[in-house]
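Residue strings, one per chain:
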Amino acid sequence: MAEVYKLNTPLAVEDLKKLKIGDKVLLTGIIYTARDAAHKRLVQLVEEGKDLPFDINGAVIYYVGPAPAKPGYAIGSAGPTTSYRMDPYTPALLDIGLKATIGKGNRSKEVLDSMVKNTAVYLAAVGGAAALIAKTIKKAEIIAYEDLKSEAVRRLEVVDFPCIVANDTFGSDLYEEGMKKYNEE
Amino acid sequence: MREIDVSKITEVVKKLVIDANYYIGKDVSDAIKKAVSEESSPTAKEILNIILDNHEISETEKMPICQDTGVAVFFIELGQEVHVTGGDFEESINEGVRQGYEEGYLRKSMVGDPVIERKNTGDNTPAIIHLTIVPGDSIKITVAPKGGGAENMSEVQMMKAADGIEGVKNFVIDRVRRSKGNPCPPVVVGVGIGGDFEKSAILAKKSLLRDIGQRSTDPVMAKVEVELLERINKLGIGPMGLGGKTTALDVFIEYIPCHIASMPVAVNINCHAARHKVIVI
């Protein structure tokens, strides 16, 4: 039976090892946003041996381009974007300390292998549940690439951000297993 | 001739794009509620309940259902007895999009050049406008904001007549299977058959304007829609691709005549935030 875990960032390896696919995670702490364009720049920094705009050790990256915040709100609607577009960049970031990514949709074999190698997880957020997720984001601030607008890198303070473990540190894949389990063809 | 000023069109479009993004149709909410009761996967139930909670939050807080407030896609039926006055018709639509996306705090998701620089246009224009001229003295404007994740899972195939209806069914199912969790299932599947290359795609998109549960008026196609929905929901993909019985909420098929040598088939996938709003001026 799936468990519910409350985890704080930066993520600790011993916490990650407890997680199994299908478990529910409520994340609290700091997470960073990045999409395609920001990933291209982040990985270029890694290749050039330069510092990233945030500390990658134990970090969580959330694939999101939020809607603009209304007055009095920390952020606008902020659901996950499709993760496969970040697959080409993810292993390079996992290799230097990234511990979790949050998005929607399945990942490539390269990313799955890299997560096992680096003891990292992939968490699925509910696509389209963007107003609900926004309510768990208490503060948002652009820390890099402001020119990318909704795709800029943001530092988010989250409380009980809801997600589901889609890939655990043991190499299990809920996309594969879930589909197999409920396939009636 | 009935005169309609472009400022009226802009005003209406502005409200439409905001409303479409804040308020999901009751047909979609009802279909998801029904799916919750039929799902056996706890993860699937949880996801569907989160989607329902999100509908309530977006409505009460007046926030977009999804942060991907989409390409602003319009289907417009312009009455031939209407004389549009005071400016440029297409620009009046784009101006409504510009104002609505800004004032409604909707995300601007359009890039000006799709390949090299991909610089955001900053105001979500240009809109995609499908215009038809019809008898009458009114303008019917339908907006259907379309997110990128689901649109990316869409496809056109120039099939052979010999492929027949079984070929069409297999293509539709295969397209959904390959999409997995990417288009935000439970999806709505739009199928356009016939016409030519581009017309089939427009038809597939237009079919998505139907309400969930609204069957084709052609009894043969209505049966195919029901069969496809059943078969898609046996794939096991489930809500957000994490396993379950609810992969699609509905399948809509539209068809039109085509060339003797052709059988174009387009599949346009919509996410569970299947948004559309209509107004008649």
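All values derive from a computational prediction rather than experimental measurement.

*Asks:* Explain the state of the cysteines here, please?
*Replies:* When the sulfur atoms of two cysteines share a covalent bond, that bond is a disulfide. Inspection of every chain in the model, using the stated rule, returns zero disulfides over all chains. The closest cysteine sulfur to the non-disulfide-bonded A:Cys163 is located on B:Cys184, 15 Å from its own sulfur. Here A:Cys163 falls in the buried class, since its relative accessible area comes to 3%.

*Asks:* Explain the nonpolar core here, please?
*Replies:* Nonpolar side chains in soluble globular proteins tend to end up buried together. All names here are of chain A. Counting 86 residues, the largest nonpolar core has Leu 27, Ile 31, Ile 102, Leu 123 and Phe 161 as its most contacted members. No other element matches the eight residues that strand 7 (residues 153–167) contributes to this core. Setting aside residues up to four positions removed in sequence, Leu 27 forms contacts with Leu 7, Thr 9, Leu 11, Val 60, Ile 102, Leu 123, Val 158, Val 159, Asp 160 and Phe 161.

*Asks:* How should the environment of A:Ala34 be read in this particular structure?
*Replies:* Residues and elements named next belong to chain A. Tracing the backbone shows Ala 34 in the loop between strand 2 (24–33) and helix 2 (36–47). The sequence separation of Ala 34 and Asn 8 amounts to 26 residues, and the corresponding C-alpha distance is 20 Å. Residues in contact with Ala 34, not counting those within four places in the same chain, are His 39, Leu 42, Ile 61, Tyr 62, Tyr 63, Val 64 and Val 153.

*Asks:* Would you mind going over the pairing of strand 5 (residues 121–124) of chain A with me for this structure?
*Replies:* Taken residue by residue, a regular strand's side chains alternate between the two faces of the sheet. Residues and elements named next belong to chain A. Alternating positions in strand 5 separate into two faces, Val 121 and Leu 123 on one and Tyr 122 and Ala 124 on the other, with burial throughout. Sheet analysis places strand 4 (residues 100–103) next to strand 5, joined by four bridges and oriented parallel. The partner of Thr 101 across the bridge, within strand 5, is Tyr 122. On the question of chirality, the crossover connecting strand 4 to the parallel strand 5 by way of helix 4 (residues 109–118) is right-handed. When strand 5 meets strand 7, the two strands line up antiparallel, connected through three bridges. Looking across to strand 7, one finds that Leu 123 is bridged to Val 165.

*Asks:* What should I look at first to understand helix 6 (residues 164–179) of chain B in this one?
*Replies:* In an α-helix, one turn spans 3.6 residues, which is why side chains three or four residues apart end up on the same side. All names here are of chain B. Between its first and last C-alpha, helix 6 extends 23 Å over 16 residues, near the 22 Å set by a 1.5 Å rise per residue. Buried within helix 6 we find Gly 167, Val 168, Lys 169, Phe 171, Val 172, Ile 173, Arg 175, Val 176 and Ser 179. The secondary structure elements touched by the buried residues of helix 6 are strand 6 (155–159), strand 7 (187–195), helix 8 (219–232) and strand 9 (263–270). With its phi angle positive at about 45°, Lys 180 sits one or two positions after the end of helix 6.

*Asks:* Where do I start with the packing of aromatic side chains in this structure?
*Replies:* Given two aromatic rings, one states the distance between the centres and the angle between the planes to describe the pair. All names here are of chain A. For the structure on display, the rule yields four aromatic pairs over all chains. Pairing Tyr 122 with Tyr 175 gives two aromatic rings, centres 6.4 Å apart and planes at 25°, and the pair type is stacked. On the criterion of sequence distance, the pair formed by Tyr 122 in strand 5 and Tyr 175 in helix 6 (residues 174–182) is long-range, its members being 53 residues apart. For Tyr 122, a relative accessible area of 0% puts it in the buried group. Accessibility expressed as a relative area gives 6% for Tyr 175, which makes it buried.

*Asks:* Quick question: what am I supposed to make of the domain arrangement of chain B here?
*Replies:* By a frequent convention, interface size equals the accessible area lost on bringing the separate parts together. Residue and element names in this part refer to chain B. Domains assigned within chain B are domain 1 (2–20 + 65–145) and domain 2 (148–273). Just the C-alpha atoms count here: the centres of domain 1 and domain 2 sit 26 Å apart. Summing both sides of the interface, domain 1 and domain 2 together bury roughly 590 Å²; the carbon and sulfur share of this comes to 75%. Together, Asp 68, Phe 75 and His 130 form the three largest contributors to the area buried by domain 1 at its contact with domain 2, with a combined 55%. For the interface between domain 1 and domain 2, the tally reads zero salt bridges. On inspection of domain 1 and its partner domain 2, the count reaches one residue pair in polar contact (both at pLDDT 80 or more). Split by residue class, the side of domain 1 that touches domain 2 holds four nonpolar, two polar and one charged.

*Asks:* What should I look at first to understand unusual backbone geometry in this one?
*Replies:* Among all residues save glycine, negative phi is the norm, and among peptide bonds the norm is trans. In this chain, A:Thr9 is followed by A:Pro10 through a cis amide linkage whose omega measures -10°. Mapped onto the fold, A:Pro10 is located in the loop between strand 1 (4–8) and helix 1 (13–18). B:Pro126 follows B:Thr125 through a cis peptide bond whose omega is 0°. Although it is not a glycine, B:Arg118 sits at a positive phi angle of roughly 50°. Mapped onto the elements of the fold, B:Arg118 is located in the loop between helix 4 (89–103) and strand 4 (128–134).

Rules used throughout
The numbers attached to residues start from 1 for each chain and follow its sequence in the written order. For this description, chains carry letters from A and ligands carry numbers from 1, given in the order in which they are written. Local features in this predicted model are restricted to residues of pLDDT 70 or higher, and side-chain atom pairs are both shown and tallied only at a pLDDT of 80 or more, whereas totals for entire chains, interfaces and linings draw on every residue. Hydrogens and water molecules were not included; the side-chain quantities draw on all heavy atoms of the structure. Note on terminology: disulfide denotes any pair of cysteine sulfur atoms within 2.5 Å. Only protein chains enter the area calculation, which uses a 1.4 Å probe; residues under 20% of their type maximum are buried, those over 50% are exposed, and those in between are partly exposed. Here, nonpolar core refers to any group of buried Ala, Val, Leu, Ile, Met, Phe, Trp, Tyr and Cys residues whose side-chain atoms link them within 4.5 Å. The numbering of helices and of strands both runs from the N terminus, where a helix is a DSSP run of H or I of at least 4 residues and a strand a run of E of at least 2. The criterion used for residue contact is that any of the two residues' heavy atoms lie within 4.5 Å. For two strands to count as paired, DSSP must find a minimum of two bridges between them. Crossover handedness is defined by viewing with both strands directed away from the observer: a clockwise path from the first strand over the helix to the second marks the crossover as right-handed. For a helix, the expected span equals 1.5 Å multiplied by the number of residues minus one. Stacked, edge-to-face and tilted are the three classes for Phe, Tyr and Trp ring pairs, Trp counted by its six-membered ring, which pair at centre distances within 6.5 Å; planes under 30 degrees apart are stacked, over 60 edge-to-face, the rest tilted. Domain start and stop points were drawn from an automatic or database domain assignment. By buried area we mean how much accessible surface two parts lose on assembly, using a 1.4 Å probe and totalling the loss over both. Within this document, salt bridges are pairs made up of a side-chain nitrogen of Lys or Arg and a carboxyl oxygen of Asp or Glu, the two lying within 4 Å of each other. Within 3.5 Å is the distance limit for a polar contact, defined as a pair of N or O atoms, with the added protein rule that one can donate a hydrogen and the other accept it, and that residues adjacent in sequence qualify only through two side-chain atoms. Side-chain classes are defined by residue name, with Ala, Val, Leu, Ile, Met, Phe, Trp, Tyr, Cys and Pro counting as nonpolar, Asp, Glu, Lys and Arg as charged, and the others, Gly among them, as polar.

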